[in-house]
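So the chains spell out like this:
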Amino acid sequence: MRRSLSLLAVPVLVLGLASCASEASTGDTATSAPSSSSSAPSDVPTRASGEAQEPQAGFPTVELDSDGRPTVTLPGTEAPTELQVETLIKGDGPVVEDGAQVTVQYQGSLWKDGTVFDESWKRGEPTTFGTGQVIPGFAAGIVGQTVGSQTVVVIPPAEGYGEAGAPRAGIAGDDTLVFVIDILAAN
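Below, the structure is looked at part by part. (Residues numbered from 1 in each chain as written. Predicted model: local features only at pLDDT ≥ 70, side-chain atom pairs only at ≥ 80, totals over all residues. Heavy atoms only, no water.)

1. Notes on the environment of Pro-55
Secondary-structure assignment places Pro-55 in the loop between β1 (51-52) and β2 (61-64). Residue Pro-55 is classed as exposed on the basis of its relative accessible area of 52%. The sequence separation of Pro-55 and Ile-89 amounts to 34 residues, and the corresponding C-alpha distance is 9.6 Å. (Helix = DSSP H or I, 4+ residues; strand = E, 2+ residues; numbered from the N terminus. Buried < 20%, exposed > 50% of the residue type's maximum accessible area, 1.4 Å probe, protein only.)

2. What to know about the side chain of Thr-128
Structurally, Thr-128 is set in strand β7 (residues 127-130). Of the polar contacts made by the side chain of Thr-128, one reaches the side chain of Thr-103; its length is 2.7 Å. (Polar contact = N/O pair within 3.5 Å; in protein donor to acceptor, adjacent residues only side chain to side chain.)

3. Here's the deal with the pattern of salt bridges
Applying the stated criterion across every chain, the model contains three salt bridges. Between Glu-119 and Arg-69 there is a salt bridge whose closest N-O contact spans 2.4 Å. Within this pair, whereas Glu-119 is found in strand β6 (residues 116-119), its partner Arg-69 is found in the loop between β2 and β3 (70-73), the two being separated by 50 residues in sequence. Close ionic contact of Asp-118 with Arg-123 constitutes a salt bridge, the shortest N to O distance being 2.9 Å. Asp-118 gets classed as buried once you look at its relative accessible area, which sits at 8%. (Salt bridge = Lys/Arg side-chain N within 4 Å of Asp/Glu carboxyl O.)

Pasting the structure below:
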């Protein structure tokens, strides 16, 4: 029964980000939502497990609870206008290729006020999807990274939802997004 319920609870990230990115984008940046379960395989870890990296100045800071759930503190500056990716934990697994199926834990928040609009940690399990099924900025935060890593991705509107935003998720067309992503598996 748990597995069938998880099929109904496909996260905003996968369905919402993919469909909104498709609607808001002028390019070929996102495809349809996945046809399979968003639940992670049972043998996948639940948090990043690599080596901590020195944080970049001016980036959002991240503190982790005992279970790995992040708390993000945003700098008191204007949102960046270009995509930015920071590796907080460097995993020693394989490199995530473009088009891969990935299993991640993630949290998405708004730069303007820190409001969390979606997260897998709250649902209690990682989620699995293809890198082509999410907004371009989210994919940029995982493609080229190694499994076991944790990244922070700052996504300007053009790399996220564009001018249309994602009103059902509380995202306006001019919102810059901040994602903390633990990359747990890729194939």
